[in-house]
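Now for the letters of each chain:
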Amino acid sequence: MLKTDLHVGWTVRAAGGEVPPEIAASALPATVPGTVHTDLLAAGLIPDPYLGTNEKDLAWFHRSAWRYDTVLRAAPAEPDERVDLVFDGLDTVAAIELDGVVLGRTANMHRGYRFDVRHLLREGAIPLTVRFDSALEHAEEFERQAGSRPRPYPHPFNAIRKMACSFGWDWGPDLQTAGIWKGVRLERWKVARLASVRPLATRTRLTVPVSVERTGNAGLHVEVVAGEHRARVALPAGTDHTTVELDIPDAPTWWPAGYGDQPLVPVTVTVTDETGEVLDEHHTRVGFRDVRLDESPDEIGSRFTLVVNDQEIFVLGLNWIPEDHLLTRITRERLEAAVDRAVAANANLLRIWGGGIWESGDFYDVCDERGVLVWQDFPLSCGAYAEEEPMRSEILAEARENITRLAPHPSLILWNGGNENIWGHEDWRWKEQLNGATWGARYYYEDFPALLAELDPTRPYHPGSPSSPGHDPEDVHPNDDRYGTRHEWEAWNREDYTYHDNFVPRFCSEFGWQAPPAWSTLVATIAPDDLHKESDAFLLHQKAEDGNGKLDRGVAHHLTVPEDFAAWHWATQLNQARATSYAINHLRSCAPRTMGSILWQLNDCWPVTSWSVVDGAGRLKPAWYALRRAYAPRSLAFQERDGATVLAAINDSDTPWRTGVRLRRLKFDGADLATADAGLDVPARSVTLLPLDPELLATLEPDREVLVADADGQRATRLFAEDFDLRYDPAAVRAHTVSVEGGYSVTVTAASFARDVAVLADRVAPDAVVDDMLIDLLPGETHTFTVTTGAIVDGEEFSAPEVLRSANSLTIPAKVG
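If you're wondering where the values come from, they're calculated on a predicted model, not measured in any experiment.

Engineer: Run through the sheet that holds strand β20 (residues 305-308), naming residues and quoting values.
Structural biologist: The strand order across the open sheet formed by three strands is β19-β20-β21, and the pairing between neighbours is antiparallel. Only two strands of the sheet have a single partner each, and these edge strands are β19 (291-294) and β21 (311-313). Going across the sheet, the axis of each strand differs from the next one's by a mean of 35 degrees, ignoring polarity. Looking at chain direction, β20 and β21 are connected through three bridges and run antiparallel. Bridge pairing in β21 places V307 opposite E312.

In structure tokens form, the structure reads like this:
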């Protein structure tokens, strides 16, 4: 097998649509893999679509067509040689021509394509052309033929196999990219090639189904080498499939993060002819582990608990969307940084949301190495999907290809049929709109289970998030908290984050709260005159329906909504952080009834106000620090149970947590009002609820008292009124900054109770990152924040009111820039 990448020498030019004349005038160099957007950006022909209001100025792209051209130079095929032109991904509606001959037409960015071109090779330059037509127009035409189906957004994203959020989402831009977005190459081979290799590893066994494609009927051998173990089987003439089995009783066990190590074993699969010559080979890695999903019935409903290597896992998860809307700009280094931010926040799972893409091999490799579990949605989200042809064949083809591609990865732990489709059909008035038309049920309940039974019986399958497996959705609601998975969006959309107390889900796979991006990200995205929440530019980067209204109403439940934009920015970020902590503490304290929390969302694909805890520039929002604390292996949180306040002690570690806890009710000035000491003895991987002495809760002045619990460096606080009624000292803290190696040390001292103390370091230097945030300080206490930055600044800037923030600072109008 000889593989030659075809990534150089490409040009791209407009081929249709209302393309601006200065762009349509000529061809320009094209980067492959790449997209037209990134080529136009590189040529300076379009403005950055992420800045200001540029996104809407590029709407002409939606109905444009483009042509990629290069020349292929390849020797003619030998008589016994096969030569294939292979595209790993085309985005999306493409026609491929070689030397004027149409090789094929495609309409699915989620799969690859292979064309036999041996009959077209000749001496000299052979023109190779890929034309991309409008994905939007293709989807509209499919709708005209198959009928329109329900969806939450104007464009028919559910009528084409393209990244759904490419057409815009409630956190993403509407750019609708086009291009050769993955690798393209020429493959020359003789006798046979490996058409499919699917390593499936359990704790002590490796099973490798192998398929070959032949040019003849000669006998072959397939060999699998896994570490020090190997097995070789014959593949007789006329046989194209075999399965190689290796028993490995001493295989090193792969564990999720927080439970053990992640040893990965190299695997090599080769196919040889009868003389022993290697015809093709495949290299990958596997991790040996078992996984199952416990959905056993109980007195409540049924469990939803992931079990890895016989160990129940409380999932500390985050929803993942594509790291950049312009997908070809995503590098392995960016993926490593993003996943590392999840690991640093104590997460153990990422859910690949169904409106994005099948992520690259780099993504799963990174998760394999770090022990981050991956929940994989099939890419169908928030819409009704036709089951007629050609849609069904495309969906099944991409599913088969990607199940096979992802099979080796130990991080991949669960397959999920799609996002909010079953819920939508049951609850969002789809039935009357569909009037009996297909909507995707066959995929979720028949096709995907059948494919997985054939291709990957080693992993559990869930029909949809949310859903109540084993029950007809008309009998048991898909979002019923007694079964399966739940999405909690009433809190954000209509209520308050305290609304989480009304439900105890078996597994909460979506919930979250919005906030703007970090200040440095915001000022790099919109002009100074647009730094207010009603500007066109700000609103273009706030995609949620009534997003700002929901932000204001969410803040108003707890804080006075500031009029000053900078103070509003801090108040909304603080409220997101509190909402994150509140929901997670509730879910974790309800274990083992609840066994999973997947926050919406880790990341952003561009600079936007959204539910992410890391913004589109990779900066950490205050909510990220709240998440890290809430997902800590050991934590404390005050909770309400049956009308009483208790202290939840959460121990998600392998050893018992035995320590003393000190409980105090104090006035904001530090005066002790009530004190109690108690012993904690929390078994490994469990939760203990500690009842409180009534004296600790017998507040006399609820507007100036706080309840505090301290144990082993963990602290929980509970206030007795909302912030707008509390008698905070607005100037409770002062700071002293000194320069240290790699940045600055900011020591903050409290003269009165100070809540949620934060140093918004990026307001001083855009590259600055602080090590912690949202610290509650009692009178006389100090906390030192470490700021990492390459900038040289005046240390006093870290004491400025727009930088040194707290809940206290929101009790007075803070007119800061």
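Engineer: Could you give me a rundown of the packing of helix α15 (residues 565-589) against helix α16 (residues 622-630), with the residues and numbers involved?
Structural biologist: Packing of α15 against α16 brings their axes to within 8 Å, and their N-to-C directions diverge by 20 degrees. Relative to α16, α15 is oriented roughly parallel. In the crossing of α15 with α16, the sense of the turn from one axis to the other is right-handed. Here W570, Q573, Q576, A577, T580, S581, I584, N585 and R588 of α15 lie close against α16, whose contacting residues are P622, A623, A626, L627 and A630. Of the residues belonging to the contact of α15 with α16, the class tally is eight nonpolar, five polar and one charged.

Engineer: Any details on the sheet that holds strand β18 (residues 278-286)? Residues and values, ideally.
Structural biologist: Pairing in this open sheet of four strands is antiparallel, and the strands run β15-β14-β17-β18 from one edge to the other. With one partner strand each, in any of the chains shown, β15 (229-235) and β18 form the two edges of the open sheet. Across the sheet, the mean angle separating the axes of adjacent strands is 15 degrees when strand polarity is ignored. Sheet analysis places strand β14 (residues 220-226) next to strand β17 (residues 265-272), joined by six bridges and oriented antiparallel. In the strand pairing of β17, V225 is matched with T268.

Engineer: Break down the pairing of β18 for me, citing the residues and quoting the values.
Structural biologist: In the sheet, β17 pairs with β18 via eight bridges, with the strands oriented antiparallel. Within β18, the residue paired with V267 across the bridge is T284. Following β17, the chain reverses through five residues before pairing antiparallel with β18; G276 in that reversal takes a positive phi of roughly 95 degrees.

Engineer: Account for the side chain of Q601, naming residues and giving values.
Structural biologist: Take Q601: it is sitting in the loop between β29 (596-599) and α16. Of the residues examined, Q601 reaches a relative accessible area of 0% and is grouped as buried. Here the side chain of Q601 touches N603 through a polar contact of 2.8 Å, landing on its backbone oxygen. Engagement of the side chain of Q601 in a polar contact is seen with the side chain of D604, the distance being 3.3 Å. If sequence neighbours within four positions are ignored, Q601 has contacts with W171, N319, I321, S610, W611, S612 and V613.

Engineer: Give me the packing of aromatic side chains: which residues, what numbers.
Structural biologist: Counted under the stated rule, the structure contains 41 aromatic pairs. Judged by centre distance (5.7 Å) and plane angle (35 degrees), the rings of W375 and F507 are tilted. Of the two residues, W375 is situated in strand β24 (residues 373-377) and F507 in the loop between α11 (490-493) and β28 (508-511); the sequence distance between them amounts to 132 residues. The same class applies to W375 and to F507, which are both buried. Ring centres 6.0 Å apart and planes at 75 degrees place the aromatic pair W489 and W611 in the edge-to-face group. Remark: W611 occurs in the loop between β29 and α16 and W489 occurs in the loop between β27 (486-488) and α11; sequence separation between them is 122 residues. The class for W489 is buried, based on a relative accessible area of 13%. Classification of W611 as buried rests on a relative accessible area of 4%. Following the ring pairs from residue to residue traces out a cluster consisting of W358, F378, W415, W439, Y443, Y444 and F448. For R763, the ring lying beneath its charged end belongs to W519, and the centroid distance is 4.0 Å.

Engineer: Describe the pattern of salt bridges, naming the residues involved and giving the relevant values.
Structural biologist: Counted under the stated rule, the structure contains 75 salt bridges. In this structure, the salt-bridge partner of D365 is R285, at a minimum N-O distance of 3.9 Å. Placement of D365 in helix α6 (residues 361-370) and of R285 in strand β18 is noted, with a sequence separation of 80 residues between them. For R285, a relative accessible area of 29% corresponds to the partly exposed category. In this structure, E701 and R704 form a salt bridge, with 3.7 Å as the shortest nitrogen-oxygen distance.

Engineer: Residue-level account of the environment of P694, with values.
Structural biologist: Within the secondary structure, P694 sits in helix α17 (residues 694-697). P694 sits 54 residues away from V748 along the chain, and the two C-alpha atoms are 33 Å apart.

Engineer: Help me get a handle on the side chain of T521, residues and values and all.
Structural biologist: Summarising the element assignment, T521 is placed in helix α12 (residues 519-525). Polar side-chain contacts of T521 include one of 2.8 Å to the side chain of R619. Excluding residues within four positions of it along the chain, T521 makes contact with P607, D615, A617 and R619.

The rules behind the values
- Residues numbered from 1 in each chain as written.
- Predicted model: local features only at pLDDT ≥ 70, side-chain atom pairs only at ≥ 80, totals over all residues.
- Heavy atoms only, no water.
- Pairing = 2+ DSSP bridges.
- Helix = DSSP H or I, 4+ residues; strand = E, 2+ residues; numbered from the N terminus.
- Axes fitted to C-alpha atoms, helices over the stretch in contact; angles between N-to-C directions.
- Parallel < 35°, antiparallel > 145°, perpendicular 65-115°, else oblique.
- Left-handed = near helix turned anticlockwise from the far one by under 90°.
- Contact = heavy atoms within 4.5 Å.
- Nonpolar A, V, L, I, M, F, W, Y, C, P; charged D, E, K, R; others polar.
- Buried < 20%, exposed > 50% of the residue type's maximum accessible area, 1.4 Å probe, protein only.
- Polar contact = N/O pair within 3.5 Å; in protein donor to acceptor, adjacent residues only side chain to side chain.
- Phe/Tyr/Trp six-rings, centres within 6.5 Å; stacked < 30°, edge-to-face > 60°.
- Lys NZ or Arg CZ within 6 Å of the ring centre and 35° of its normal.
- Salt bridge = Lys/Arg side-chain N within 4 Å of Asp/Glu carboxyl O.

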